[in-house]
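# A look at the structure
Take a look at the letters that make up each chain.
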Amino acid sequence: MRLRIISVGKKHDPAIAGAINDYTNRLSRTLQVEWELIAPSGSPESRARKDESDRIVQRLKPQEAVWLLDERGTQVSSSALSQRLDMLLTSGTGQCTIIIGGAYGVDGALRDKADFVWSLSKLVFPHQIVRLLVVEQLYRATEIRRGSSYHHE
């Protein structure tokens, strides 16, 4: 399965790029992983949200699963995330795109396209840290699915 992570923002911060790349490489042993970075709009809040969301929607493909990161979404355990990923892998869905919106979030039209709105926490994190958390949790989910000793309950 192909996993694409679309994130609004600049390239990975050098301070955490090594960790993001490490987990991306680990995850790539199981899934085909691709990062797609979209430049922030630079417009005022509502305009930026609309511009960035429109650019993300243009990149979405029919029939792909879409997961959106949003602090107002559903919080799941690592095991529950593994089950969700397993459902995707066994459903025959060829691609899942995970979206990390910009500083002002995404608009309603993009949110409506999401099959799953995922919250890492009620806390708000910098986008660079969200990237790291997402790729680590996806790796953890694949390792849970595989039955490895990476995750401890």
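First, a word on what this report is: a plain description of the structure on this page. (Residues numbered from 1 in each chain as written. Predicted model: local features only at pLDDT ≥ 70, side-chain atom pairs only at ≥ 80, totals over all residues. Heavy atoms only, no water.)

A separate point is helix α1 (residues 14-27). Taking 1.5 Å per residue, 14 residues should reach 20 Å; α1 reaches 20 Å between its end C-alpha atoms and fits that length. For α1, the full list of buried residues reads Ile16, Ala17, Ile20, Tyr23, Thr24 and Leu27. Buried residues of α1 fall within an arc of 140° about the axis and therefore sit on the same side. Those residues of α1 that are exposed and angled more than 90 degrees off the buried face are Pro14, Gly18 and Asn25. Between a side-chain oxygen at the N-terminus of α1 and the backbone nitrogen of Ala15 the separation is 2.7 Å; the capping residue is Asp13. (Helix = DSSP H or I, 4+ residues; strand = E, 2+ residues; numbered from the N terminus. Expected span 1.5 Å × (residues − 1). Buried < 20%, exposed > 50% of the residue type's maximum accessible area, 1.4 Å probe, protein only. Arc of directions from axis to C-beta. Polar contact = N/O pair within 3.5 Å; in protein donor to acceptor, adjacent residues only side chain to side chain.)

Taken together, the five strands give an open sheet; going across it, the order is β2-β1-β4-β3-β5, and neighbouring strands pair in parallel fashion. The open sheet has two free edges, formed respectively by β2 (32-38) and β5 (116-119), since each of these has just one partner strand. Averaged over neighbouring strand pairs, the angle between their axes works out to 30° when direction is ignored. Here strand β3 (residues 65-75) runs beside strand β4 (residues 95-100); their pairing, made up of five bridges, is parallel. Bridge pairing in β4 links Ala65 to Cys96. Where helix α2 (residues 45-59) meets the sheet, it contacts β1 (2-8), β2 and β4, and its direction lies at approximately 165° from that of β1. (Pairing = 2+ DSSP bridges. Axes fitted to C-alpha atoms, helices over the stretch in contact; angles between N-to-C directions. Contact = heavy atoms within 4.5 Å.)

On to the pairing of β2, then. Direction of pairing for β1 relative to β2: parallel, over a ladder of seven bridges. When the sheet's bridge partners are listed, Arg2 is paired in β2 with Gln32. The handedness of the β1 to β2 crossover, carried by α1, is right-handed. (Right-handed = clockwise from strand over helix to strand, strands pointing away.)

Within β1, six of the seven residues are buried, which leaves the element mostly enclosed by the surrounding structure. Where β1 and β4 come together, six bridges link them in parallel fashion. Of the residues in β4, the one forming a bridge with Ser7 is Ile100.

Here we take up helix α3 (residues 78-91). When the terminal C-alpha atoms of α3 are compared, their 20 Å separation across 14 residues agrees well with the 20 Å that a helix rising 1.5 Å per residue should span. Among the residues making up α3, those that are buried are Ser78, Ser79, Leu81, Ser82, Leu85 and Leu88. If you follow the buried residues of α3, they end up packed against β3, β4, β5 and α5 (127-146). Phi for Gly92, located one or two positions after α3, is positive at around 90°.

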